[in-house]
4 protein chains.
Amino acid sequence: MAKIKVAILGATGMVGQRFIEALIDHPFFEVGALVASAKREGGKYVETDRWRLETPLPENIGEMKLVAPDAEKVVSSGVRIAFSALPSDVATELETDLAKSGVAVFSNTASHRMDSEVPLIVPEVNYETIDMIVGKKGYIVTNANCSTTGLVLPLKVVQPLGIKRVFVATYQAISGAGYPGVPSLDILANVIPYIGKEEEKMQIESKKILGVYDSSARTVRDADFEVHASCVRIPAVDGHLEAVEVEVEKPRSEKEVVELFESFESPDVVKGLPTAPVKPVIYRHEPDRPQHRYDVNAGEPAKSAWGMAVSVGRVRVIENYIRFVVISHNTRRGAAPGSVLNAELAHKKGYL
Amino acid sequence: MAKIKVAILGATGMVGQRFIEALIDHPFFEVGALVASAKREGGKYVETDRWRLETPLPENIGEMKLVAPDAEKVVSSGVRIAFSALPSDVATELETDLAKSGVAVFSNTASHRMDSEVPLIVPEVNYETIDMIVGKKGYIVTNANCSTTGLVLPLKVVQPLGIKRVFVATYQAISGAGYPGVPSLDILANVIPYIGKEEEKMQIESKKILGVYDSSARTVRDADFEVHASCVRIPAVDGHLEAVEVEVEKPRSEKEVVELFESFESPDVVKGLPTAPVKPVIYRHEPDRPQHRYDVNAGEPAKSAWGMAVSVGRVRVIENYIRFVVISHNTRRGAAPGSVLNAELAHKKGYL
Amino acid sequence: MAKIKVAILGATGMVGQRFIEALIDHPFFEVGALVASAKREGGKYVETDRWRLETPLPENIGEMKLVAPDAEKVVSSGVRIAFSALPSDVATELETDLAKSGVAVFSNTASHRMDSEVPLIVPEVNYETIDMIVGKKGYIVTNANCSTTGLVLPLKVVQPLGIKRVFVATYQAISGAGYPGVPSLDILANVIPYIGKEEEKMQIESKKILGVYDSSARTVRDADFEVHASCVRIPAVDGHLEAVEVEVEKPRSEKEVVELFESFESPDVVKGLPTAPVKPVIYRHEPDRPQHRYDVNAGEPAKSAWGMAVSVGRVRVIENYIRFVVISHNTRRGAAPGSVLNAELAHKKGYL
Amino acid sequence: MAKIKVAILGATGMVGQRFIEALIDHPFFEVGALVASAKREGGKYVETDRWRLETPLPENIGEMKLVAPDAEKVVSSGVRIAFSALPSDVATELETDLAKSGVAVFSNTASHRMDSEVPLIVPEVNYETIDMIVGKKGYIVTNANCSTTGLVLPLKVVQPLGIKRVFVATYQAISGAGYPGVPSLDILANVIPYIGKEEEKMQIESKKILGVYDSSARTVRDADFEVHASCVRIPAVDGHLEAVEVEVEKPRSEKEVVELFESFESPDVVKGLPTAPVKPVIYRHEPDRPQHRYDVNAGEPAKSAWGMAVSVGRVRVIENYIRFVVISHNTRRGAAPGSVLNAELAHKKGYL
């Protein structure tokens, strides 16, 4: 069967590169257009000299000519899907225009995440909300901010205990800021206890993702707990580690909470999707895990699922407070392949 | 006036080195004995080849012969004070023996911190408890664990608002683990979300330091809030940064909380001590401070006060939850010079 | 066909772990014994808690019981081959004893590298010397020190120009020092311009590997150039980069030298071995490559060949001086899989 | 006596900041104008928010208004001296214009270093060449590139042995690239074996600085040895370490070479200048020194001389090849205070 042609918007940035990597040998999708800033239009991708991944740039991708961020030009390249890794200021309008033109936009950008008619999906958490697009040809589906994604997966696991409030302190890798991103003078043997807008995103996105979906009205009612975040950049390359404390209504023992994490499973509709990991949440029993070094690329079985599982460890319970540590890959689970997984979900549901 | 002779117990470790550094040209104290493990007895300090500070090892210290960790030998070196940077297992007995022999022990070790008759002092927070040793010739005075010290100074500032509970996530430098300490393979471009016993120490020590001192009974009643800590090692050389959230009874606006930090002053008895900083808590208004790079050595005016001030920033308030970030120097404020400051307090009070 | 059972000597160290990784699903060999220090005898491998690779420890390996470093015990485990990652002091005797007992020892240890009857092999450079073991059942075959390996591959390429002298400055990753290895306080945001015995090893091993093999006498005459090395540890995890200057007798233009690198091929007998990369030397044309980040794991096509190619770049020629930069994976190409490749060569030649 | 007013050209960059730091409480000079890009004209220095040093920005400097890089405006600020830390493209013309207007320009920029009438001075190496400006009111005096400076000081020491050729491999800190400079994704746990134009600068500048000065013609004849450099960026904050091999005509033993380093002294005219270190070259006998961690700020006695001494270690001799390692502070010795030292020399000679 012919593969579905997709555009990558913002193809030269760090997340754009992760989209390219995620689509190498993809069974459903193939890259049909690479969209970058207007000034690069017509140049070869390889000539932008921006590739910053260990996975080598596929030669055929390197030879592709760049398309300007113009809805008409993107549409005329014949794509059915646009994966968006655009800066927010450019994304707002272009994504809207593409959706109006009948393109299915799967976006990693913040612009439309909180729009009431736009689903914000982490499939293992709230796959149901994909139905918000039923009946539309063009639409926008968003995935969450990288640090939100790493948080909502374990929160989903403990949500049955009744989440009252969440405090989270992050340890976020430099790749989250793109390239050139964080100057080395600011981060070498140092941390930066501030990431613009990140704490606010974690707060509002988590509540939408863990909210209640009304399938008849096709709307989401936000969850009613608060997330108090403290976001810090640290000198690691990839991966956001988070130290979390959750205040719950129904306390459980450490053993019971660990069992919740270990028994958590993907919904059936997500199982078997090419980019879905067999186990979306892995519990580590070692006293000093998870860590960036060993756990950031977790995800089985295929290479396409690498970095798609989050790893949790160090569950500690005091009364109705549960502490744990979680790590997720910020530019895989929390960005491009996370968006690809949403498109695979739409594909399975027949919405493409 | 003749200076008071002091011994440094555990002189070859990272904290022992910071004691030596803190005592260079000290107006009250001078090094009279360097105590290391028995197997090094009689060797010159310089020959241990352990010096790991940028401040050069003073030549006269390098030439001193090491003394074994034996109370009698230490006493016979004629010291009035022993500064202790011993491993806990060795410290418990030796510190007790020295105190019994009439030596004033100022200890950075955890062994006796929680003993009911031993004061645990961060002078700007609870200088009054130094009176617990009144009338004794030999005694033990302890300072807090490095990450506790960085926490209780800002907590003292907000304590008038009624602390109900504290959550703290730490970003702790490698020097806190001593030398050789953390293997580079474990921490380069990585973090380790576990530091043995650290979370427990923060919990119990904070409550003692911020407790109520009964001056007639000379006892301390623990504060009644809980500290939930999540301790993480990060790749910085010196300095423990902490992301803190405090739940208080009497909420204040961000502006008011910042004013509390800015108006906090040292108690009169502490002011002017050689190792005391003019301002023990510095508030940074920049959105991305404090940081290890710029703030870890804060402390004015003299070189002896470098690294003795803690820096606070990023106050954010939601209802009755106050978030902020604090950094302190773990082997200066949180270790050796912190202990020297306690001895200076005892000196001023006439207890030496 | 049944696989050949092998022992791994020094199985818990960094190189030992790389042996285990290199033998996962190996077509010829399978792990039959894991040898560690006597005090660990009988314990399960997984319980040593030493695994420090991102590749997860295979479960069946984790469950294996450790064998003491005793020739008789190793022999009685029924292995034909012993891969050695032992510390030199233990290796000298045990490797000799095993060889005498008829075991084929492929060693990454320095102990016997310079023995006149022991081949020191980097297959693409001097595969012929494997014939030194013809007719023996038990023997020792060594591979080179990690930094030597990265040097002799590009030197082989320019050897036809007549090497008069070599100066090399290294940028060596921390994994080369094993675990716990380099203390983080020594290397974070720092370099250490000294690695014990490393400069001497590069000097003597290079001359043996690039020497002249007398196939009738089965002896090697050392090459007659000198290698002047300056070895420095730097804060990268894996990979030794080397800045090299070679003084040659027959100067060539930059273009010609680059062509030499690009046209270099594996000898036929090495081609197609499971751990052999298709191209053992890759030339990078980018002005700022090779780098640890992108090039350390180079090697095609199979996962078993990852990290087995060295990458060269920045050829510059002034008169008869050729400068270039090379990087190789110190615990793959320069250690365990390098040794496995030697065993594959012996297997192909029928010496096993 | 009134201090001499100076302008700092390029005051907001990393080197500009080091100029400000070097002039705090300077006995001869005081900051009279801060020059930045035209678009910042009129704004306060502190508002540029570029300060990246641990030394706090002096308040009075922070309040100064920025001047545009226009010769007339700089001259009208009443300065006698201009210290230049400009980008090369801006520097070429502005420095020339200022000199023509009678200003003494001391420049850290490369633009005019190789001009035949412009002295290129590292005072302990070639202070005599300051006489090239005798009789002029306006002139340009340059100091060397940071990595050249660290090289020529030890080369001066061994120059009596007859230098035939030099090979040098560098380990250069990130601050050398300014701010924002090196992206953290490019350097964290990595090295970059390329720094644009750096190798060429080391080659040509070294030969001019170590050349022969003809005092009657006031010209310099270049030294006739070649410098072959291989420049590499490494993840340290400040300090350029260099592994050097010098081929000499008159070989000496290791002991003799070490004695040369230990007995090297500043010329009398340099001794006692405020920014001059007592010993410009320090020899370290430890096997693993010098290192960035401990040696980069070497320099006695005053704070103004910190980072002005270079540290040498690891002398090894094979025949007529001398290897050693040297470290120097790239933005102190190799930049701003290095330039200030040249101005102090001119001041002492009465050329201001």
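Quick caveat: nothing in here was measured; it's all calculated off a predicted structure.

Next up on the list: the overall build of chain A. Along the backbone of chain A there are eleven helices and 14 strands. Rg of the C-alpha trace for chain A: 19 Å, near the compact-globule value of 20 Å for 352 residues, within the 12% margin. By its C-alpha atoms, chain A is 60 × 50 × 35 Å across when sized along the principal axes. Split into buried and exposed, the 352 residues of chain A put 59% on the buried side. Pairs at least 24 residues apart make up 75% of the contacts formed inside chain A by residues separated by at least 6 positions.

Once turned by 180° and shifted 0.0 Å along the axis, chain D lies on chain B with an RMSD of 0.0 Å. Here the two chains are linked by the operation of a two-fold rotation axis. Of every C-alpha in chain D, the one belonging to D:Ala189 sits nearest the axis of rotation, 3.2 Å from it. Interface overlap between copies is the fraction of interface residues in one copy that are interface residues in the other; for chain D against chain B it reaches 100%, indicating a shared surface.

Of the two same-sequence chains, chain B is brought onto chain A (RMSD 0.0 Å, axial shift 0.0 Å) by a rotation of 180°. Interface residue correspondence from chain B to chain A reaches 100%, placing this contact among same-surface, isologous pairings.

Every contact between the two is made by six residues of chain D and, on the other side, six residues of chain B. Its residues assigned to classes, the side of chain D that touches chain B comprises three nonpolar, one polar and two charged.

It is worth spelling out the pairing of strand β5 (residues 104-107) of chain B at this point. Residue and element names in this part refer to chain B. Every second residue of β5 is oriented toward a common face, with Ala104 and Phe106 on one face and Val105 and Ser107 on the other, all of them buried. Here strand β4 (residues 81-84) pairs with β5 via four bridges, running parallel. Within β5, the residue paired with Ile81 across the bridge is Ala104. Each parallel crossover has a hand, and the one from β4 via helix α4 (residues 88-100) to β5 is right-handed. Strand direction decides the pairing type here: β5 and strand β6 (residues 139-142), joined by four bridges, are parallel. Bridge pairing links Ser107 to Thr142 in β6.

All names here are of chain D. Here Gly299 shows up in the loop between α10 (292-295) and β13 (310-318). The buried category is assigned to Gly299, around which 26 C-beta atoms lie within 10 Å. Separated by 20 residues in the primary sequence, Gly299 and Lys279 place their C-alpha atoms 7.2 Å from one another. With near-sequence residues (within four places) excluded, Gly299 lies in contact with Pro277, Ala305, Trp306, Gly307, Met308 and Ala309.

For the rest of this paragraph, the subject is the packing of helix α1 (residues 14-22) of chain C against helix α11 (residues 336-348) of chain C. Residue and element names in this part refer to chain C. Put simply, α1 and α11 touch, their axes get as near as 8 Å, and they point 50° apart. One finds that α1 runs oblique with respect to α11. Crossing angle aside, the handedness with which α1 passes α11 is right-handed. Where α1 approaches α11, its residues Val15, Arg18, Phe19 and Ala22 are matched on the opposing element by Ala336, Pro337 and Val340.

To continue, consider the sheet that holds strand β12 (residues 281-284) of chain C. All names here are of chain C. Taken together, the six strands give an open sheet; going across it, the order is β10-β7-β11-β14-β13-β12, and neighbouring strands pair in mixed fashion. Across the chains shown, the open sheet's two edge strands, defined by having one partner strand only, are β10 (226-230) and β12. For this sheet, the mean angle separating the axes of adjacent strands, direction not counted, is 25°. Examined bridge by bridge, β12 and strand β13 (residues 310-318) share four bridges and lie parallel to one another. The partner of Val281 across the bridge, within β13, is Val310.

Moving on, we get to the environment of A:Phe225. Residues and elements named next belong to chain A. Structurally, the position occupied by Phe225 is in the loop between β9 (219-221) and β10 (226-230). Residue classification places Phe225 among the partly exposed residues on the basis of 18 C-beta atoms within 10 Å. Spatially, the C-alpha atom of Phe225 lies 17 Å from that of Met114, the residues being 111 residues apart in sequence. Once residues lying within four places of it in the same chain are set aside, the contact partners of Phe225 are Ile163, Lys164, Arg165 and Val166.

Another point: the interface of chain B and chain A. Size of an interface, as often reported, equals the accessible area lost when the parts are brought together. The interface is formed by 29 residues belonging to chain B together with 29 residues belonging to chain A. Taken together, the elements giving at least two residues each to the side of chain B that touches chain A come down to β7 (163-172), β10 (226-230), β11 (240-248), α10 (292-295), β13 (310-318) and β14 (321-328) of chain B. The class makeup of the residues in the side of chain B that touches chain A is 19 nonpolar, five polar and five charged.

All names here are of chain A. Here the domain parsing of chain A yields domain 1 (4-145 + 336-348) and domain 2 (146-328). Computed from C-alpha coordinates alone, the two centres of domain 1 and domain 2 are separated by 24 Å. The partner domain 2 presents 34 residues to the 31 residues of domain 1 that form the contact. Elements that contribute at least two residues to the side of domain 1 that touches domain 2 include exactly α1 (14-22), α5 (123-126) and α11 (336-348). When residues in the side of domain 1 that touches domain 2 are grouped by element, the largest group, seven residues, is from α11. Each residue belonging to the side of domain 1 that touches domain 2 can be placed in one class, and the counts come to 16 nonpolar, seven polar and eight charged.

Moving on: helix α4 (residues 88-100) of chain D. All names here are of chain D. With 13 residues, α4 should cover 18 Å at 1.5 Å per step; its first-to-last C-alpha distance of 18 Å lies within 8% of that length. Each element contacted by the buried residues of α4 is listed here: β1 (4-9), α3 (71-76), β4 (81-84), β5 (104-107) and β6 (139-142). Looking one or two residues past α4, Gly102 carries a phi angle of roughly 95°, positive in sign.

Residues and elements named next belong to chain B. Direction vectors running N to C along helix α6 (residues 146-158) and helix α8 (residues 198-209) enclose 40°, while the axes themselves pass 9 Å from each other. Considering their axes alone, α6 and α8 lie oblique with respect to each other. The handedness of the crossing between α6 and α8 is right-handed. Contacts between α6 and α8 involve Ser147, Thr148, Leu151, Val152 and Leu155 from the former and Glu198, Lys201, Met202, Glu205, Ser206 and Ile209 from the latter. When grouped by side-chain class, the residues that make up the contact of α6 with α8 number five nonpolar, three polar and three charged.

Moving on, we get to the sheet that holds β5(D). Residue and element names in this part refer to chain D. Across the sheet, six strands lie side by side as β3-β2-β1-β4-β5-β6; this open sheet has parallel pairing. Only two strands of the sheet have a single neighbouring strand rather than two, namely β3 (66-67) and β6. Judged from the four bridges that link them, β1 and β4 form a sheet pairing that is parallel. Looking at the pairing, Ala7 lines up with Ala82 of β4. Contacts between helix α11 (residues 336-348) and the sheet are confined to β2 (29-35), β4, β5 and β6, with β5 contributing the most and set at about 145° to the helix.

Attention shifts here to the environment of B:His228. The residue B:His228 is located in strand β10 in this model. The buried category is assigned to B:His228, around which 20 C-beta atoms lie within 10 Å. For the pair B:His228 and B:Phe29, spaced 199 residues apart in sequence, the C-alpha to C-alpha distance is 38 Å. Discounting residues that sit within four places of it in the chain, B:His228 has contacts with A:Glu245, A:Ile318, A:Tyr321, A:Arg323, B:Val166 and B:Phe167.

Bringing the pairing of β7(B) into the picture now. All names here are of chain B. Here β7 lies mainly inside the structure; eight of its ten residues are buried. The pairing of β7 with β11 spans nine bridges and is classified as antiparallel. The residue of β11 that forms the bridge with Val166 is Val246.

The next subject is unusual backbone geometry. As a rule of thumb, non-glycine residues mostly have phi less than zero, and peptide bonds are mostly trans rather than cis. The amide bond that connects B:Tyr179 to the next residue, B:Pro180, takes the cis arrangement and shows omega of 5°. Relative to the helices and strands, B:Pro180 is located in the loop between β7 and α7 (184-187). Looking along the chain, the bond that leaves D:Arg289 and enters D:Pro290 is cis, with omega of 5°. Residue B:Asp25 is not a glycine yet carries a positive backbone phi of 55°. Mapped onto the secondary structure, B:Asp25 falls in the loop between α1 (14-22) and β2 (29-35). Given 10 C-beta atoms within a 10 Å radius, B:Asp25 is considered exposed.

Criteria and cut-off values
Residues numbered from 1 in each chain as written. Chains lettered and ligands numbered in written order. Predicted model: local features only at pLDDT ≥ 70, side-chain atom pairs only at ≥ 80, totals over all residues. Helix = DSSP H or I, 4+ residues; strand = E, 2+ residues; numbered from the N terminus. Rg over C-alpha atoms; globule rule 2.2 N^0.38 Å. Buried ≥ 20, exposed ≤ 12 C-beta atoms within 10 Å, placed from the backbone. Contact = placed C-beta atoms within 7 Å. Least-squares fit on C-alpha atoms with pLDDT ≥ 70 in both. Nonpolar A, V, L, I, M, F, W, Y, C, P; charged D, E, K, R; others polar. Pairing = 2+ DSSP bridges. Right-handed = clockwise from strand over helix to strand, strands pointing away. Axes fitted to C-alpha atoms, helices over the stretch in contact; angles between N-to-C directions. Parallel < 35°, antiparallel > 145°, perpendicular 65-115°, else oblique. Left-handed = near helix turned anticlockwise from the far one by under 90°. Domains from an automatic or database assignment. Expected span 1.5 Å × (residues − 1).

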